[in-house]
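# Close look at the chain arrangement
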Amino acid sequence: MKYKRCLHCGAVNYYQDEVCRRCEGDIRLDKKRAISTSLAFLLSAIFFYIPANLFPILNTSKFAQTQGSTIIGGVIELWKEGDYPVAIIIFLASVLIPIIKFFVLFYLLYAVYKGSCESGKVKLYHIMEIMGPWSLIDVFVVMVLVGLIHFNSVSVIPGVGATSFALMVLFTILSAKALDPRLIGEECE
Amino acid sequence: MEDLKNLVICPRCGSLHKRIKLSSPKESARCWRCNKLLYRGYKGLEYQLLSFTFTALILFTLANLFPIVEIDIGGGVKSRMVLLEALLFLYKQGFLFISLFGLLVLEVFPLITILSLFLFSLFVVLGTHKEGAKKALIVAGRLSEWNMLDIFFISILVAMVKIYEYAYIDFGVAFWSMAFFVGIEIYLFRYIKLSQMWDLWEQKF
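Residues numbered from 1 in each chain as written. Chains lettered and ligands numbered in written order. Predicted model: local features only at pLDDT ≥ 70, side-chain atom pairs only at ≥ 80, totals over all residues. Heavy atoms only, no water.

Moving on to the pattern of salt bridges. Counting across every chain of the model gives ten salt bridges over all chains. Ionic pairing is found between A:K177 and B:E145, a salt bridge with its closest N-O pair at 3.4 Å. One end of the pair, A:K177, is in helix α6 (residues 160–178); the other, B:E145, is in the loop between α4 (130–144) and α5 (149–163), on a second chain. Take A:K177: its relative accessible area is 30%, and that puts it in the partly exposed class. For B:E145, a relative accessible area of 39% gives the class partly exposed. (Salt bridge = Lys/Arg side-chain N within 4 Å of Asp/Glu carboxyl O. Helix = DSSP H or I, 4+ residues; strand = E, 2+ residues; numbered from the N terminus. Buried < 20%, exposed > 50% of the residue type's maximum accessible area, 1.4 Å probe, protein only.)

Put into structure tokens, the structure is as follows:
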């Protein structure tokens, strides 16, 4: 193995180089550092998953009566009202996908640790990378609703869960970014 | 020793290729093993970038000056949302982290990304400021990863689905400006791609 690709700009560099010749980005292939950084972010993400689901992400106040709604609570309510498809979509997007992402990240971390080479894992990594920020939809929807609905009679205020949810997604993105796709399969010939 | 500029590594499977010169914009180079696109043969890419980023800057201004949506819940009770106002409101409610995060990924980063890409293409067209163009491209590359206006745009639609039963919804000028801004962003970073812009920089200077 004589060459490696810079992840920032795509330039080809010599394998032993530490700084990209073109964009001056960091191109070190450090397995140990990648694993420990990624694992630290992943554990933080899992930690924030708990308050994100326990606390309401949205507070609705109607005539001075405040009512909080958690993600699970919202799903159950939708289910009871008979909105099965919407309930299932929200359950999948907000509850299940974060958990799946945790498992996939653990799996990829293990793959990097073992140094196993399979192109399927690189594909999995790229799917993770693209999917990552889309979980923020929940947080942004809360932002839009809060920005729009503040009437005298009804108003929407974000809950503690929204902050935790945003932090959880942020840490999952950072965890995925800390993993180097070149360590999973690109460098395996 | 092979000149590094004449080599390409496939981003998907890591195969090493020798770069060949493409003569027409219709041609593209693909990986021999996994068929992943490596680069395209653009002509006058810098002019395309310049016009797109300039348009994007105008659209960004419009998207922030005007309300994105206006809702009417009946009885003359109306409400409208301007992005910066919404972020300020969140901040006043005590949600420092979310408002700051939103300010960065929805306002600051998208603006700086497009602005530096605009400067980059301007420098390339003028043929001056080799180092300045490089710095601009580095900034654009690093910040484009933290650009989340596209996700926010879909979120607006999701939020509207939640309230359309209770209110009359009117999409404002800013909504459409944002839609086209996001479209340009996707075209620049997902279709043209940064590596192609770096190749352009290497060819011109």
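On we go.
What follows deals with the environment of B:F152. Structurally, the position occupied by B:F152 is in helix α5. For B:F152, a relative accessible area of 1% puts it in the buried group. Taking the C-alpha atoms as reference points, B:F152 and B:L106, 46 residues apart in sequence, are found 7.7 Å from one another. Excluding anything up to four places from it in sequence, B:F152 contacts A:F140, A:M143, A:V144, B:I68, B:M81, B:L83, B:L106 and B:M178. (Contact = heavy atoms within 4.5 Å.)

All names here are of chain B. On domain assignment, one finds that chain B holds domain 1 (1–41) and domain 2 (44–204). The C-alpha-based centres of domain 1 and domain 2 are spaced at 31 Å. Residue-level contacts link five residues of domain 1 with six residues of domain 2. Both faces considered, domain 1 and domain 2 share a buried interface measuring about 530 Å² in area, 31% of it formed by carbon and sulfur atoms. Here domain 1 is connected to domain 2 by one salt bridge. Measuring nitrogen to oxygen at the nearest pair gives 3.3 Å for the salt bridge that ties R19 to D199. In this structure, the connection of domain 1 to domain 2 is made through three residue pairs in polar contact (both at pLDDT 80 or more). Tallied by class, residues from the side of domain 1 that touches domain 2 come to two nonpolar, no polar and three charged. (Domains from an automatic or database assignment. Buried area = accessible area lost by both parts, 1.4 Å probe. Polar contact = N/O pair within 3.5 Å; in protein donor to acceptor, adjacent residues only side chain to side chain. Nonpolar A, V, L, I, M, F, W, Y, C, P; charged D, E, K, R; others polar.)

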